[in-house]
Protein chains: 4
Amino acid sequence: MAKSKYEYVKNFEAEDRCLPNCWIVVNLDGKCFQRFAEMHGFEKPNDKRSLELMSRSAAAVMEEIREIVLAYGQSDEYTFVFRKDTTLFNRRTEKILTIVNSLFSAAFVFYWKNFFGFTNMLYPPAFEGHVYLFPSELNLKDYLSWRQAELHANNLYSSAFWAMVLKGKLAPKEAEEKLRPIAYVSHKHEIILKDYGIVYNNEPILFRKGTTLIRKLVPMPGDAKFHQVVFPLCIDLTNEEFWRENSEILGLKPLTVFKPINNPVFPLKRQMNETNGDFSMKGPPKPPPTEISNNSNDKMKPFDRRMSDSNAKNKPEAMGK
Amino acid sequence: MAKSKYEYVKNFEAEDRCLPNCWIVVNLDGKCFQRFAEMHGFEKPNDKRSLELMSRSAAAVMEEIREIVLAYGQSDEYTFVFRKDTTLFNRRTEKILTIVNSLFSAAFVFYWKNFFGFTNMLYPPAFEGHVYLFPSELNLKDYLSWRQAELHANNLYSSAFWAMVLKGKLAPKEAEEKLRPIAYVSHKHEIILKDYGIVYNNEPILFRKGTTLIRKLVPMPGDAKFHQVVFPLCIDLTNEEFWRENSEILGLKPLTVFKPINNPVFPLKRQMNETNGDFSMKGPPKPPPTEISNNSNDKMKPFDRRMSDSNAKNKPEAMGK
Amino acid sequence: MAKSKYEYVKNFEAEDRCLPNCWIVVNLDGKCFQRFAEMHGFEKPNDKRSLELMSRSAAAVMEEIREIVLAYGQSDEYTFVFRKDTTLFNRRTEKILTIVNSLFSAAFVFYWKNFFGFTNMLYPPAFEGHVYLFPSELNLKDYLSWRQAELHANNLYSSAFWAMVLKGKLAPKEAEEKLRPIAYVSHKHEIILKDYGIVYNNEPILFRKGTTLIRKLVPMPGDAKFHQVVFPLCIDLTNEEFWRENSEILGLKPLTVFKPINNPVFPLKRQMNETNGDFSMKGPPKPPPTEISNNSNDKMKPFDRRMSDSNAKNKPEAMGK
Amino acid sequence: MAKSKYEYVKNFEAEDRCLPNCWIVVNLDGKCFQRFAEMHGFEKPNDKRSLELMSRSAAAVMEEIREIVLAYGQSDEYTFVFRKDTTLFNRRTEKILTIVNSLFSAAFVFYWKNFFGFTNMLYPPAFEGHVYLFPSELNLKDYLSWRQAELHANNLYSSAFWAMVLKGKLAPKEAEEKLRPIAYVSHKHEIILKDYGIVYNNEPILFRKGTTLIRKLVPMPGDAKFHQVVFPLCIDLTNEEFWRENSEILGLKPLTVFKPINNPVFPLKRQMNETNGDFSMKGPPKPPPTEISNNSNDKMKPFDRRMSDSNAKNKPEAMGK
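- Going by an unreviewed UniProt entry, chain A carries the name Probable tRNA(His) guanylyltransferase and comes from Parthenolecanium corni.
- The Catalytic activity (unreviewed entry) comment attached to chain A in UniProt states, word for word, "a 5'-end ribonucleotide-tRNA(His) + GTP + ATP + H2O = a 5'-end phospho-guanosine-ribonucleotide-tRNA(His) + AMP + 2 diphosphate + H(+)".
- According to the UniProt record, the Cofactor (unreviewed entry) comment for chain A reads "Mg(2+)".

Shown next as structure tokens:
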């Protein structure tokens, strides 16, 4: 049989393992996404539907891969942080990278309708992925702060740009020329915004801070067990209080129970009101997660397909622990 | 501004380039696909809808990335062969790997409805990807022969297994026990098939040989230009005649015009009849590619979103050349 | 000119950088050294000349490459630990690995005569090298403990083996057969040693613990400046007191001044007496480093070519800082 | 025992294998060699002793590692070409790189006296190493042509520079300023040389072409067996005739017998006369290899420690086949 004759080609496969005892970080980034946004009529400068679809897709990845302790998304990119001690796929770089990437890409198309309704997707998008390895908690936090600082800089610029174009009726070229002399990241952008009656800090926190996904335990009513639920937050990742209050995230410790009220770091309700945020799946199979919000005014809605999907019982086992 | 302070983290990114003058091959493989197949009621041992959806998704990748000269798919895997001299993304491994993987995964969900109709997708699937580098044409052909030999071995086994289960009414365990003592790949499987009235060589060639996608030029009626079209073939990849007749594939030469009649290696029509194959998009936006088939009985239908999609004119530029 | 035509081949070079913020460790290991030892009549089970030549060669590496903070040697291997934040050679793996390896190999031949005198070297030896990256201090210390634990296990075994062969007049095969049933590392080996009147803990500490090289500052008499000097120690690397007392080694802090008397962790004098150790160069150009030992009975002799070599003034600049 | 507790650190080792079916090329390059040359009084612009010591050391590497089919050296660098199909050390990059590098460095010190006599080595030199992988014969030949073209360019420049300094009594700065405006590689250099009565093509071929080492079989007198002998040549590597006449080098074929007379490509005798070359070991243990040169005037002297060394019988087995 030909098998043995050809099988030697296996040796031509690249095989790379992530250095142990490092935080494995996978970053996904939309490929030619500006074009994709234009073709599908995304709102300028920020499209809430798109940001929420990104987060829904990222939550789908976290639901599948339990070794991911945190994800952070902004604009057309998302970052996934694995447990420092994960042994998922033997820490093989290609496997970790492609499965996160594939799952996210498939979920983006899968959940599209829930966020874009009758706006049909015209062609499948693509995301490119990269792996970072961080030996220390400081490096990891600096990475996340970097992504959030980029969001700040880009958003300030594009808010000013679109205010000039949409409110000021400037041609895009004119707006660009006026902004160009101003240093890339600058408080001058804020001054421009005020000219158009915009107070930057009043802009939705979702646009200013991006979305941080973390995993918490939630008690199931009528059930002795706790469930893992992915929660979206809009927070400042340079805030050490957040990391202290949720020390299990980087501390390789067991998950903790979600405490919406007593936790000063989780002003989820305010965040959601502010952003009018509703991160949960909007599609057919999804009764409200009443178990964590007795108060119907409470907008906190975790991502949890397992709880809300009618087909959850048929769902294959999640990868990882 | 914080940017400069944090930007050092860029140095923690893995950066790997593919060795020049090697064939870059990306292989994608369904993750936990047996479960996915069961959950969505795939036919046993082969589900034509699934195979065609795989090929449609692979064609979407080839349409986007012009540097791919050939693709080969079987079961839940697909392999993409890049030009030996491609400089796409500076030959950076992660970029090439993740963009192929992402596009395929997104396309799989995007085109699902065209092949599975009212069978809803229950959850987004995932594909893992790997990169191979082949210094010589022989290594590359051996790789492709290996994948096709694997298909042969697996298909012979599963054809026998499912004949015993579905026709012979054996319990799966019984069938497995009867087959186990027989060497993994063996003509004894053929004997078993004959017991159930099955002549293996009469099985659809799509199931026995998998799908090979190649790119050809097709003249546009009323247009002086030729268009690149991706054609699906069911052929034996160990057949040197195929490589000789289509020497532009590995020869780094310009694309050639598709010749359906005079080309003995391209019995596309017969293949299609045999498999009752219809590889083209079945969804809404897709008038038949009349330009290549004057005869309405001709089942040859290439993948070409550019020709058939109503939105083709809005489509962003393909990557690569 | 041909240059431009051929220069593309540069792209075929492997280029790998060490992950930042990790301890870079280079381990060198004698290739076919058992044979080399036999051919040159090394003493069994330990040859002090060879161990000292290894350490002299390692000190030559440390003298050249100031970014190395510690080295540890035993048997025919030596390990070099770089500053966690070194930027030497842009952290390029191949450069760091080969220059350490090359310098050590050349020094081994260069200093041979100083330790082996009239025993001529018959052919040049070879050392193979490997790079390890450690994200945390614990990983690094565990690595060093691992090497020292290996020495302990191997030395216990070979001490027992050679006691049986040399004192007990057993054939090597008989000795091996008696030792084989005993678990690889075991206190039973100590029992065997006692049978031959050997108290393992009375064996020279050099043989039991290997050699640790660290860098200290030493005042030059008649000179306001301090000099960097490499000191050999025979210590237990699992002893946390050592790391605490010399916290500059892993702490990325400035070098500290050598204090022979008040430092309980540096019983250098005793060590040297015990081992009858004399690690310094024995060759022609080497007046005793009187500046650190007023007492002529004091056997402490640092490695410092700069102080002792007559040609030090002509010496090219050391690599690194 | 501590062993198991610490052994996990093995996983922090980088492990890289060379892509199969590629030519593995190791290049060694003197580190800070200009300084080393000055300190040891090398002749300008070329020092024959140094070039021959480099070649002697490279031959030592080839004698040990039979998988090397060719080596090429010029100035302070040497390149080693492995069989395309070598499986030495499982093609592990670090092993191949460091053992070649280590052996060469040790041999350089070991054979120093044979070429530099009473000029003592003041300190051990260091060489850095790099690995290249070439998928095709053309890439490999282009690499070798590149190295030889570099030699040509550098040698033309430095010949002109030193002619101006040594014969023209210009200060080095003046010479540099006169040469700088001339394009790096240029026939103008030849014009300058003629000003000082130097015809570049009459310069020793060793200086103009570097040294190519190949392996041939040589019959042993009074012995039925053939011996592998490393021969030094001064040839033009872009000359296709050389590769054709010695097609076993790249052709993965058995070694061929050395034919000094009938072989037009091997004008070894002329070469040797021209360069007054005498590449063989000059040290004590080395009777002339009479078996290949009946004529005592014949200067051809291969490198072969096995034939000439008195201790050859004790020599450990060579690595590789």
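On we go from here.
Considerations on the relation of the copies chain A and chain B
Point 1. Of the two same-sequence chains, chain A is brought onto chain B (RMSD 0.0 Å, axial shift 0.0 Å) by a rotation of 180°. Here the copies are linked by what is in effect a two-fold axis. Proximity to the rotation axis, assessed at the C-alpha, singles out A:Ala106 in chain A; its C-alpha lies 2.3 Å from the axis.
Point 2. A shared interface surface links the copies, since 100% of the contact residues of chain A are contact residues in chain B too.

Overview of the interface of chain A and chain B
Point 1. Each partner contributes residues to the interface: chain A has 55 residues there, and chain B has 55 residues.
Point 2. Contributing elements (two or more residues each) for the side of chain A that touches chain B: α1 (2-6), α2 (33-39), α4 (93-110), β4 (127-134) and α6 (137-167) of chain A.
Point 3. Of the residues forming the side of chain A that touches chain B, the biggest block, 15 residues, is contributed by α4(A).
Point 4. Across the side of chain A that touches chain B, the residue classes tally to 34 nonpolar, eleven polar and ten charged.

So, the confidence of the model for chain A
Reading fine detail from the predicted coordinates is not recommended where pLDDT is low.
All names here are of chain A.
Point 1. Overall, the predicted model of chain A reaches an average pLDDT of 80, with 78% of residues at or above 70.
Point 2. For chain A, the element scoring lowest by mean pLDDT is helix α11 (residues 268-275), at 30; strand β3 (residues 77-82) scores highest, at 98.
Point 3. Counting contacts from residues 261-301, a segment whose pLDDT is below 50, to residues more than four positions away or on other chains yields 69 contacts.
Point 4. Two numbers describe this predicted complex: its pTM, 0.83, and its ipTM, 0.82.

Notes on the nonpolar core
Point 1. Among the nonpolar cores identified, the biggest contains 276 residues, and A:Val61, B:Val61, C:Val61 and D:Val61 are the most heavily contacted of them.
Point 2. Leave out the neighbours within four places in its chain, and D:Val61 touches D:Ile68, D:Phe80, D:Val100, D:Leu103, D:Phe104 and D:Ala107.
Point 3. Ranked by size, the runner-up nonpolar core spans eight residues in total, among them D:Leu156, D:Phe161, D:Ile192 and D:Leu193.

Details of the interface of chain C and chain A
Point 1. At the interface, seven residues of chain C touch seven residues of chain A.
Point 2. Its residues assigned to classes, the side of chain C that touches chain A shows four nonpolar, three polar and no charged.

Considering the packing of helix α6 (residues 137-167) of chain B against helix α7 (residues 172-179) of chain B
Residue and element names in this part refer to chain B.
Point 1. In contact at an axis separation of 9 Å, α6 and α7 are set at 135° when each is read in the N-to-C sense. Taken together, the axes of α6 and α7 are oblique relative to one another. With respect to the hand of their crossing, α6 and α7 are arranged in right-handed fashion. Residues Tyr 157, Ala 160, Phe 161, Met 164 and Val 165 of α6 touch α7, and the partners they reach there are Pro 172, Ala 175, Lys 178 and Leu 179.
Point 2. For the contact of α6 with α7, the residue count by class is eight nonpolar, no polar and one charged.

Quick word on the UniProt feature "domain: tRNAHis guanylyltransferase catalytic" (unreviewed entry) in chain A
Point 1. According to UniProt, the positions carrying the feature "domain: tRNAHis guanylyltransferase catalytic" (unreviewed entry) are residues 6-135 of chain A.
Point 2. For the annotated span residues 6-135 of chain A, helix accounts for 37% and strand for 22% of the residues, and the straight-line distance between the end C-alpha atoms is 40 Å.

A look at the relation of the copies chain C and chain A
Point 1. Of the transformation superimposing chain C on chain A, the axial component is 0.1 Å and the angular component is 179°, with the fit at an RMSD of 0.1 Å.
Point 2. The fraction of interface residues of chain C whose copies in chain A are also interface residues reaches 100%, indicating that both copies meet through the same surface.

Side note on the pairing of strand β3 (residues 77-82) of chain D
Residues and elements named next belong to chain D.
Point 1. With five of its six residues buried, β3 lies for the most part within the structure.
Point 2. Relative to β3, strand β2 (residues 68-74) runs antiparallel, the two being bridged by six bridges. From the neighbouring strand, Ile 68 faces β3, where its bridge partner is Phe 82.

Observations regarding the environment of C:Lys173
All names here are of chain C.
Point 1. As for its placement among the helices and strands, Lys 173 is situated in helix α7 (residues 172-179).
Point 2. Among the residues examined, Lys 173 registers 9 C-beta atoms within 10 Å and is labelled exposed.
Point 3. The spacing of Lys 173 and Ala 58 is 115 residues in sequence and 35 Å in space, taken between C-alpha atoms.

A closer look at the sheet that holds β3(A)
What holds strands together in a sheet is hydrogen bonding between their backbones, with the strands either parallel or antiparallel.
All names here are of chain A.
Point 1. If you trace the six strands from one edge of the open sheet to the other, you get β4-β1-β3-β2-β5-β6, paired in antiparallel fashion. The open sheet has two edge strands, β4 and β6 (226-233), and neither has a second partner. Neighbour-to-neighbour, the strand axes of this sheet turn through a mean angle of 25°, independent of strand direction.
Point 2. Strand direction decides the pairing type here: strand β1 (residues 23-30) and β4, joined by eight bridges, are antiparallel. Within the sheet, the bridge partner assigned to Leu 28 lies in β4 and is Gly 129.

Here we look at the packing of helix α3 (residues 48-64) of chain A against α4(A)
Residues and elements named next belong to chain A.
Point 1. Contact geometry of α3 with α4 gives a least axis separation of 8 Å together with a crossing angle of 135°. Our classification of the angle between α3 and α4 gives oblique. For the element pair α3 and α4, the recorded crossing hand is right-handed. In contact with Leu 53, Ser 57, Ala 58, Ala 60, Val 61 and Glu 64 of α3, α4 contributes Val 100, Leu 103, Phe 104, Ala 107 and Phe 108.

So, the sheet that holds strand β4 (residues 127-134) of chain B
All names here are of chain B.
Point 1. A sheet is described by the order of its strands in space; here six strands give the open sequence β4-β1-β3-β2-β5-β6, paired in antiparallel fashion. Sheet topology places β4 and β6 (226-233) at the edges, where each strand pairs with a single neighbour. If you compare each strand with its neighbour and ignore which way they point, the axes differ by 25° on average.
Point 2. Note: strand β1 (residues 23-30) against strand β3 (residues 77-82), five bridges, orientation antiparallel. When the bridges of β3 are listed, Asn 27 appears paired with Thr 79.
Point 3. In this fold helix α4 (residues 93-110) packs onto β1, β3 and β4, with an angle of close to 135° to the strand it touches most, β4.

Remarks on the environment of C:Tyr132
Point 1. Tracing the sequence through the fold places C:Tyr132 in strand β4 (residues 127-134).
Point 2. Take C:Tyr132: there are 23 C-beta atoms within 10 Å of it, and that puts it in the buried class.
Point 3. Taking the C-alpha atoms as reference, C:Tyr132 lies 9.6 Å from C:Val81; in sequence the two are 51 residues apart.
Point 4. Those residues in contact with C:Tyr132 that lie beyond four places of it in its chain are C:Val25, C:Asn27, C:Tyr143, D:Phe12 and D:Glu13.

Scoring rules and cut-offs
- Residues numbered from 1 in each chain as written.
- Chains lettered and ligands numbered in written order.
- Predicted model: local features only at pLDDT ≥ 70, side-chain atom pairs only at ≥ 80, totals over all residues.
- UniProt positions renumbered as here; feature names shortened; annotations may be inferred.
- Least-squares fit on C-alpha atoms with pLDDT ≥ 70 in both.
- Contact = placed C-beta atoms within 7 Å.
- Helix = DSSP H or I, 4+ residues; strand = E, 2+ residues; numbered from the N terminus.
- Nonpolar A, V, L, I, M, F, W, Y, C, P; charged D, E, K, R; others polar.
- pLDDT = per-residue confidence, 0-100.
- Core = buried A, V, L, I, M, F, W, Y, C linked by C-beta atoms within 7 Å.
- Buried ≥ 20, exposed ≤ 12 C-beta atoms within 10 Å, placed from the backbone.
- Axes fitted to C-alpha atoms, helices over the stretch in contact; angles between N-to-C directions.
- Parallel < 35°, antiparallel > 145°, perpendicular 65-115°, else oblique.
- Left-handed = near helix turned anticlockwise from the far one by under 90°.
- Pairing = 2+ DSSP bridges.

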